[in-house]
Amino acid sequence: MSSPRVRKIADRIQVIVAEMLERRVKDPRLGFVTVTDVRVTGDTQQATIFYTVLGADGDDEAARAGTAAALESAKGLIRSEVGKQLGMRHVPTLTFVADALPDTARQLDEVLARARAQDEAVAAARGATYAGGEDPYKKPREADDEADDEADDVDGVATDGASAAEPDAGGDELR
(Lines give C-alpha, C1' and ligand atoms only; values in the text may rest on other atoms or scores of the structure.)
Protein backbone atom coordinates (compact mmCIF):
# COMPACT_ATOMS: atom_id res chain seq x y z
CA MET A 1 0.00 0.00 0.00
CA SER A 2 1.28 3.48 -0.77
CA SER A 3 1.97 6.07 1.86
CA PRO A 4 -0.60 8.76 2.64
CA ARG A 5 1.68 11.42 1.14
CA VAL A 6 1.91 9.58 -2.18
CA ARG A 7 -1.86 9.01 -2.21
CA LYS A 8 -2.48 12.74 -1.62
CA ILE A 9 -0.12 13.60 -4.47
CA ALA A 10 -1.94 11.15 -6.74
CA ASP A 11 -5.32 12.62 -5.83
CA ARG A 12 -4.07 16.15 -6.45
CA ILE A 13 -2.57 15.16 -9.82
CA GLN A 14 -5.91 13.65 -10.81
CA VAL A 15 -7.72 16.91 -10.05
CA ILE A 16 -5.12 19.04 -11.82
CA VAL A 17 -5.10 16.89 -14.96
CA ALA A 18 -8.91 16.80 -15.10
CA GLU A 19 -9.08 20.60 -14.82
CA MET A 20 -6.38 21.01 -17.47
CA LEU A 21 -8.18 18.74 -19.90
CA GLU A 22 -11.43 20.58 -19.30
CA ARG A 23 -10.17 24.16 -19.47
CA ARG A 24 -6.77 24.57 -21.06
CA VAL A 25 -6.21 21.80 -23.60
CA LYS A 26 -8.01 22.79 -26.82
CA ASP A 27 -7.02 19.91 -29.11
CA PRO A 28 -9.86 18.93 -31.48
CA ARG A 29 -8.76 15.27 -31.34
CA LEU A 30 -9.45 15.22 -27.61
CA GLY A 31 -12.75 13.49 -26.88
CA PHE A 32 -14.77 13.50 -23.68
CA VAL A 33 -12.04 12.25 -21.36
CA THR A 34 -12.57 11.15 -17.77
CA VAL A 35 -9.55 10.67 -15.53
CA THR A 36 -10.42 7.51 -13.61
CA ASP A 37 -7.29 6.91 -11.53
CA VAL A 38 -3.74 8.11 -10.95
CA ARG A 39 -1.00 5.90 -9.58
CA VAL A 40 2.26 7.41 -8.40
CA THR A 41 5.38 5.41 -7.62
CA GLY A 42 6.69 5.46 -4.07
CA ASP A 43 9.51 7.85 -4.95
CA THR A 44 7.03 10.16 -6.77
CA GLN A 45 9.11 10.10 -9.95
CA GLN A 46 6.47 8.59 -12.25
CA ALA A 47 2.71 9.01 -12.43
CA THR A 48 0.45 6.76 -14.47
CA ILE A 49 -2.84 8.42 -15.39
CA PHE A 50 -5.73 6.13 -16.33
CA TYR A 51 -8.47 7.63 -18.48
CA THR A 52 -11.61 6.64 -20.34
CA VAL A 53 -13.16 8.25 -23.39
CA LEU A 54 -16.91 8.77 -23.30
CA GLY A 55 -18.65 7.46 -26.38
CA ALA A 56 -15.63 5.49 -27.56
CA ASP A 57 -17.00 1.97 -27.65
CA GLY A 58 -14.94 -1.06 -28.58
CA ASP A 59 -15.61 -0.43 -32.30
CA ASP A 60 -14.60 3.25 -32.14
CA GLU A 61 -10.83 2.85 -32.08
CA ALA A 62 -10.32 6.05 -34.10
CA ALA A 63 -11.66 8.19 -31.24
CA ARG A 64 -9.42 6.42 -28.76
CA ALA A 65 -6.37 6.80 -30.97
CA GLY A 66 -7.12 10.50 -31.52
CA THR A 67 -7.54 11.08 -27.79
CA ALA A 68 -4.31 9.21 -27.03
CA ALA A 69 -2.44 11.34 -29.57
CA ALA A 70 -3.94 14.54 -28.12
CA LEU A 71 -2.92 13.56 -24.59
CA GLU A 72 0.63 12.74 -25.71
CA SER A 73 0.97 16.11 -27.42
CA ALA A 74 -0.37 17.97 -24.36
CA LYS A 75 1.77 16.00 -21.90
CA GLY A 76 4.38 18.77 -21.50
CA LEU A 77 1.81 21.47 -20.82
CA ILE A 78 0.03 19.26 -18.29
CA ARG A 79 3.27 18.28 -16.57
CA SER A 80 4.40 21.89 -16.21
CA GLU A 81 1.03 22.82 -14.65
CA VAL A 82 1.24 19.83 -12.28
CA GLY A 83 4.70 21.03 -11.22
CA LYS A 84 3.49 24.59 -10.61
CA GLN A 85 0.49 23.55 -8.55
CA LEU A 86 2.21 20.83 -6.53
CA GLY A 87 5.32 22.91 -5.77
CA MET A 88 7.56 19.84 -5.78
CA ARG A 89 11.25 19.87 -6.61
CA HIS A 90 10.95 16.88 -8.96
CA VAL A 91 7.78 16.74 -11.01
CA PRO A 92 6.65 13.18 -11.82
CA THR A 93 6.83 11.96 -15.39
CA LEU A 94 3.29 11.52 -16.73
CA THR A 95 2.16 8.42 -18.60
CA PHE A 96 -1.37 8.22 -20.00
CA VAL A 97 -2.96 4.76 -20.17
CA ALA A 98 -6.43 3.98 -21.53
CA ASP A 99 -8.40 2.32 -18.72
CA ALA A 100 -9.59 -1.20 -19.58
CA LEU A 101 -12.25 -1.20 -16.87
CA PRO A 102 -15.21 -0.20 -19.09
CA ASP A 103 -14.35 -2.93 -21.62
CA THR A 104 -14.08 -5.53 -18.87
CA ALA A 105 -17.37 -4.42 -17.34
CA ARG A 106 -19.10 -4.61 -20.73
CA GLN A 107 -17.76 -8.14 -21.29
CA LEU A 108 -18.96 -9.23 -17.83
CA ASP A 109 -22.42 -7.76 -18.51
CA GLU A 110 -22.61 -9.73 -21.77
CA VAL A 111 -21.59 -12.96 -20.04
CA LEU A 112 -24.16 -12.41 -17.27
CA ALA A 113 -26.90 -11.67 -19.83
CA ARG A 114 -26.05 -14.87 -21.71
CA ALA A 115 -26.13 -16.90 -18.47
CA ARG A 116 -29.47 -15.34 -17.49
CA ALA A 117 -30.95 -16.22 -20.91
CA GLN A 118 -29.70 -19.81 -20.61
CA ASP A 119 -31.19 -20.12 -17.11
CA GLU A 120 -34.55 -18.85 -18.36
CA ALA A 121 -34.46 -21.34 -21.26
CA VAL A 122 -33.73 -24.23 -18.90
CA ALA A 123 -36.52 -23.13 -16.53
CA ALA A 124 -38.99 -22.92 -19.42
CA ALA A 125 -37.97 -26.34 -20.74
CA ARG A 126 -38.48 -28.20 -17.46
CA GLY A 127 -41.77 -26.54 -16.56
CA ALA A 128 -42.77 -24.68 -13.46
CA THR A 129 -44.54 -27.47 -11.55
CA TYR A 130 -43.25 -29.05 -8.40
CA ALA A 131 -42.52 -32.77 -8.35
CA GLY A 132 -44.67 -33.71 -5.34
CA GLY A 133 -47.01 -30.80 -5.06
CA GLU A 134 -46.29 -27.33 -3.82
CA ASP A 135 -45.10 -28.37 -0.36
CA PRO A 136 -44.90 -32.15 0.16
CA TYR A 137 -44.34 -31.70 3.91
CA LYS A 138 -47.42 -29.58 4.52
CA LYS A 139 -50.02 -31.33 6.65
CA PRO A 140 -53.71 -30.90 5.82
CA ARG A 141 -55.53 -28.80 8.41
CA GLU A 142 -59.08 -29.37 7.16
CA ALA A 143 -59.67 -32.42 9.45
CA ASP A 144 -58.64 -30.47 12.57
CA ASP A 145 -60.88 -27.51 11.67
CA GLU A 146 -63.92 -29.79 11.15
CA ALA A 147 -63.39 -31.51 14.53
CA ASP A 148 -63.28 -28.09 16.28
CA ASP A 149 -66.50 -26.99 14.57
CA GLU A 150 -68.29 -30.19 15.63
CA ALA A 151 -67.15 -29.78 19.25
CA ASP A 152 -68.49 -26.20 19.30
CA ASP A 153 -71.86 -27.27 17.91
CA VAL A 154 -72.28 -30.02 20.56
CA ASP A 155 -73.38 -27.51 23.21
CA GLY A 156 -76.14 -26.38 20.88
CA VAL A 157 -74.74 -22.88 20.59
CA ALA A 158 -72.26 -22.12 17.86
CA THR A 159 -69.51 -19.87 19.14
CA ASP A 160 -67.23 -17.64 17.19
CA GLY A 161 -64.31 -20.10 17.37
CA ALA A 162 -63.32 -19.55 21.02
CA SER A 163 -64.51 -22.32 23.31
CA ALA A 164 -65.15 -21.94 27.02
CA ALA A 165 -62.09 -24.04 27.87
CA GLU A 166 -59.65 -21.89 25.88
CA PRO A 167 -57.77 -19.07 27.62
CA ASP A 168 -58.77 -15.60 26.57
CA ALA A 169 -56.33 -13.49 24.51
CA GLY A 170 -55.32 -11.28 27.41
CA GLY A 171 -54.07 -13.88 29.91
CA ASP A 172 -53.70 -17.51 30.91
CA GLU A 173 -56.84 -17.89 33.07
CA LEU A 174 -60.02 -19.65 31.98
CA ARG A 175 -63.38 -17.95 31.47
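Residues numbered from 1 in each chain as written. Predicted model: local features only at pLDDT ≥ 70, side-chain atom pairs only at ≥ 80, totals over all residues. Heavy atoms only, no water.

A. Layout of the nonpolar core. Counting 24 residues, the largest nonpolar core has Ile 13, Val 17, Leu 21, Val 38, Ile 49 and Ile 78 as the members making the most contacts within it. Sorting the residues of this core by element identifies α1 (4-23), β1 (32-40), β2 (46-54), α2 (61-73), α3 (75-86) and β3 (93-98) as the ones contributing at least two each. Residue contributions to this core peak at eight residues, all from α1. (Core = buried A, V, L, I, M, F, W, Y, C linked by side-chain atoms within 4.5 Å. Buried < 20%, exposed > 50% of the residue type's maximum accessible area, 1.4 Å probe, protein only. Helix = DSSP H or I, 4+ residues; strand = E, 2+ residues; numbered from the N terminus.)

B. Here's a closer look at the sheet that holds β3. A sheet is described by the order of its strands in space; here three strands give the open sequence β1-β2-β3, paired in mixed fashion. The sheet is open, and its two edges are formed by β1 and β3, each paired on a single side. Strand-to-strand twist in this sheet, taken as the mean axis angle between neighbours without regard to direction, amounts to 30 degrees. Where β2 and β3 come together, six bridges link them in parallel fashion. When the bridges of β3 are listed, Ala 47 appears paired with Leu 94. On the sheet, α1 packs against β1, β2 and β3 and is oriented at approximately 160 degrees with respect to β1. (Pairing = 2+ DSSP bridges. Axes fitted to C-alpha atoms, helices over the stretch in contact; angles between N-to-C directions. Contact = heavy atoms within 4.5 Å.)

C. Main features of the confidence of the model for the protein. Residue-level pLDDT values for the protein average 80, and 71% of them are 70 or greater. No element of the protein has a lower mean pLDDT than helix α5 (residues 142-153), which averages 60, and none a higher one than β3, which averages 94. (pLDDT = per-residue confidence, 0-100.)

D. Expanded view of the pairing of β1. Sheet analysis places β1 next to β2, joined by eight bridges and oriented antiparallel. For Thr 34, the partnering residue across the bridge sits in β2 and is Thr 52. Hairpin geometry of β1 and β2 is characterised by an intervening segment of five residues between the two adjacent antiparallel strands and by a positive phi of about 55 degrees at Thr 44.

E. Examining unusual backbone geometry more closely. The phi dihedral of Thr 44 is positive, around 55 degrees, even though this residue is not glycine. Its location among the elements puts Thr 44 in the loop between β1 and β2.

F. The pattern of salt bridges, seen in detail. Taken as a whole and judged by the stated rule, the model has eight salt bridges. With a shortest N-O distance of 2.6 Å, Asp 103 and Arg 106 are connected by a salt bridge. In this pair, Asp 103 and Arg 106 are both assigned in helix α4 (residues 101-126), three residues apart and thus about one turn of the helix distant. Overall, the relative accessible area of 22% leaves Asp 103 in the partly exposed class. A network of salt bridges, in which partner residues are shared, links Arg 7, Asp 11, Asp 37 and Arg 39. (Salt bridge = Lys/Arg side-chain N within 4 Å of Asp/Glu carboxyl O.)

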